[in-house]
Amino acid sequence: MKKALVIFFMSFLFSLTALGQTQSQGDVRIHTFGTYGLRYENFGAGAGLEYFFAEKFAIMPSYTRIFPQVGKGSNFSFDLRYYVSSGPSQLYFMAGYSQNWENNQPDGAGTTNKYVGANMGVGAYIRMTDWVGLSTELKFQSQNPQEVGFRIGLAFPL
């Protein structure tokens with residue numbers, strides 16, 4: 001798995017140098033969001049950075065802190081997004097790598113479990129003004145707890 005990640009990251013870095021200047025406007029967005037898991041009803045809050053490396057394609061690494069009823073958890077996702085529409089309302093499909101860390105002990109002591117998997121989903125970016133937009137996403141994650149979650153937040157183009 002580590003070799004696959006290294007190959008993926010190296011391929012990504014190579015594609016950045018090969019593409020040169022991809023987009024001159026709106027090529028990076030900072031996201032802040034809240035999440036809600038539909039199966040276990042856990043809330044979370046996080047942030048991410050979206051980078052457009054080619055026309056209609058973006059990558060977005062993000063980190064989410066999850067607040068379960070007992071214990072603590074977090075998630076790291078590295079997603080590839082393909083935008084099917086452009087303009088003020090942009091629809092995209094996404095797939096990517098995801099990793100969860102969970103500790104189910106009430107006081108935080110105990111063992112932290114790590115789960116690796118994939119995710120896929122659909123989302124939308126709706127521009128509200130030139131400096132902020134609404135970002136929504138419905139995502140399924142294959143690793144434990146295998147949950148469909150809804151994400152809503154703000155995106156700030158740089």
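Whatever comes next refers back to the structure up there.
Chains are numbered independently. Their residues run from 1 in the order of the written sequence. Since the coordinates come from a predicted model, pLDDT governs what is reported: local features require at least 70, and pairs of side-chain atoms require 80 or more to be given and counted, while whole-chain, interface and lining totals use all residues. For side-chain calculations, the full set of non-hydrogen atoms in the structure is used, while hydrogens and water are omitted.

(A) Inspection of the environment of Trp131 at higher detail. For helices the rule is a DSSP run of H or I covering at least 4 residues; for strands it is a run of E covering at least 2, with both sets numbered from the N terminus onward. Structurally, Trp131 can be placed in the loop between strand 6 (113-127) and strand 7 (133-141). For each residue, the accessible area found with a 1.4 Å probe, counting protein chains only, is set against the maximum for its type, and the residue is called buried under 20%, exposed over 50%, and partly exposed in between. For Trp131, a relative accessible area of 58% corresponds to the exposed category. In this structure the C-alpha to C-alpha distance between Trp131 and Arg29, which are 102 residues apart in sequence, comes to 9.9 Å. Each residue touching Trp131, except ones within four places of it in the same chain, is listed here: Ala155, Phe156 and Pro157. The contact criterion used throughout is that any non-hydrogen atoms of two residues lie within 4.5 Å.

(B) Region of the structure containing the pattern of salt bridges. Salt bridges are defined as contacts in which a side-chain nitrogen from Lys or Arg sits within 4 Å of a carboxyl oxygen from Asp or Glu. Counted under the stated rule, the structure contains six salt bridges. Arg29 is paired through a salt bridge with Glu50; the nearest N and O atoms lie 3.4 Å apart. You can see Arg29 sitting in strand 1 (residues 28-37) and its partner Glu50 sitting in strand 2 (residues 43-54), a full 21 residues away along the chain. Since its relative accessible area comes to 0%, Glu50 is described here as buried. One salt bridge connects Glu137 with Lys139, and the closest N-O pair in it is separated by 3.6 Å. For Glu137, a relative accessible area of 2% gives the class buried. The buried category is assigned to Lys139, whose relative accessible area is 6%. One salt-bridge network, held together by shared partners, links Arg29, Glu50, Asp79, Arg81, Glu137, Lys139 and Arg151.

(C) Structural context of the nonpolar core. Side-chain atoms within 4.5 Å link the members of a nonpolar core, which is a set of buried Ala, Val, Leu, Ile, Met, Phe, Trp, Tyr and Cys residues. Core analysis: the biggest nonpolar cluster contains five residues, these being Phe52, Ala58, Tyr83, Tyr92 and Met94. Discounting chain neighbours no more than four positions away, the residues touching Tyr83 are Arg29, Glu50, Phe52, Lys56, Ala58, Gln90, Leu91 and Tyr92.

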